[in-house]
Amino acid sequence: MAEQEIPTLYDWAGGMSAFEKLTDIFYSRVGDDALLAPVFAHMSPEHAHHVAHFIAEVMGGPKAYSEANGGHATMVAHHLGRSLTQEQRRQWVRLLLECADEAGLPEDPEFRSAFVGYLEWGSRLAVLNSQPGVPDPDPTVPMPLWNWGAVGGPYRP
């Protein structure tokens, strides 16, 4: 019996359109959130598009963010000096997960576990890198590449 090829999280989620839909929904709602609105008050009109490309690349999609924006160090640099709080981080994760449901991202436990794992890791890194005195990010640090983790792929009955 031939072994099935394991799709990337990007492919399993539905490709770029799935991540663009996710960030479109999220950024349409973030302005109404009292805790998060100040964090995103001065974002550019392209912000949602950039974040979609970043998350998609981390999930195994095309390197569109890195090629256009410079990779992981660029994303880290956007958080420098912002003094994000754990309360804001938790709200960001909560709202993004609500929007993932609304956007129709896969609901299977394996995908959601990997997705939540990345959101937790990335948002905690953002809080750490947003505190006063953090040095400029190292441009040689590669983009993270998230995968299925210990599960090894989606459940296929």
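Below, the structure is looked at part by part.

## Remarks on the pattern of salt bridges
No. 1: Applying the stated rule across the entire model yields six salt bridges.
No. 2: The salt bridge involving Glu 102 is made with Arg 29; its shortest N-O contact spans 3.3 Å. Placement of the pair is Glu 102 in helix H6 (residues 86–103) and Arg 29 in helix H2 (residues 16–29), with a sequence separation of 73 residues.
No. 3: On the accessibility criterion, Glu 102 (48% relative accessible area) is partly exposed.
No. 4: Across the pair Arg 94 and Glu 98 runs a salt bridge, and its minimum N-O distance is 2.0 Å. Residue Arg 94 and its partner Glu 98 are both found in helix H6; the two are separated by four residues, about one turn of the helix.
No. 5: Taking relative accessible area as the criterion, Arg 94 reaches 37% and is therefore assigned partly exposed.
No. 6: Given a relative accessible area of 32%, Glu 98 falls into the partly exposed group.

## Some points on the packing of H6 against helix H7 (residues 109–129)
No. 1: Between H6 and H7, the shortest axis-to-axis distance is 10 Å and the interhelical angle comes to 150°. With respect to each other, H6 and H7 are oriented roughly antiparallel. Crossing of H6 against H7: the hand is right-handed. Between H6 and H7, the residues in contact are Gln 86, Arg 89, Trp 92, Val 93, Leu 96, Leu 97, Ala 100 and Asp 101 and Arg 112, Phe 115, Val 116, Leu 119, Glu 120, Ser 123, Arg 124 and Val 127, respectively.
No. 2: In terms of residue class, the contact of H6 with H7 is made up of nine nonpolar, two polar and five charged.

## Focus: the side chain of Arg 112
No. 1: Summarising the element assignment, Arg 112 is placed in helix H7.
No. 2: Overall, the relative accessible area of 14% leaves Arg 112 in the buried class.
No. 3: Reaching out from Arg 112, the side chain makes a polar contact with the backbone oxygen of Leu 105 at a distance of 3.2 Å.
No. 4: Apart from the residues within four sequence positions on either side, Arg 112 is in contact with Leu 97, Ala 100, Asp 101, Leu 105, Pro 106 and Glu 107.

## Some remarks on the nonpolar core
No. 1: If you look at the biggest cluster of nonpolar residues, it comprises 42 residues, and the most contacted ones within it are Phe 19, Leu 22, Phe 26, Met 59 and Phe 115.
No. 2: Elements with a contribution of two residues or more to this core: helix H1 (9–13), H2, helix H3 (47–58), H6 and H7.
No. 3: Not counting the four nearest positions on each side in its chain, Phe 115 is found in contact with Phe 19, Leu 22, Ile 55, Met 59, Leu 97, Ala 100 and Leu 105.

Rules used throughout
Residues numbered from 1 in each chain as written. Predicted model: local features only at pLDDT ≥ 70, side-chain atom pairs only at ≥ 80, totals over all residues. Heavy atoms only, no water. Salt bridge = Lys/Arg side-chain N within 4 Å of Asp/Glu carboxyl O. Helix = DSSP H or I, 4+ residues; strand = E, 2+ residues; numbered from the N terminus. Buried < 20%, exposed > 50% of the residue type's maximum accessible area, 1.4 Å probe, protein only. Axes fitted to C-alpha atoms, helices over the stretch in contact; angles between N-to-C directions. Parallel < 35°, antiparallel > 145°, perpendicular 65-115°, else oblique. Left-handed = near helix turned anticlockwise from the far one by under 90°. Contact = heavy atoms within 4.5 Å. Nonpolar A, V, L, I, M, F, W, Y, C, P; charged D, E, K, R; others polar. Polar contact = N/O pair within 3.5 Å; in protein donor to acceptor, adjacent residues only side chain to side chain. Core = buried A, V, L, I, M, F, W, Y, C linked by side-chain atoms within 4.5 Å.

Any functional reading would require information beyond the geometric quantities listed.
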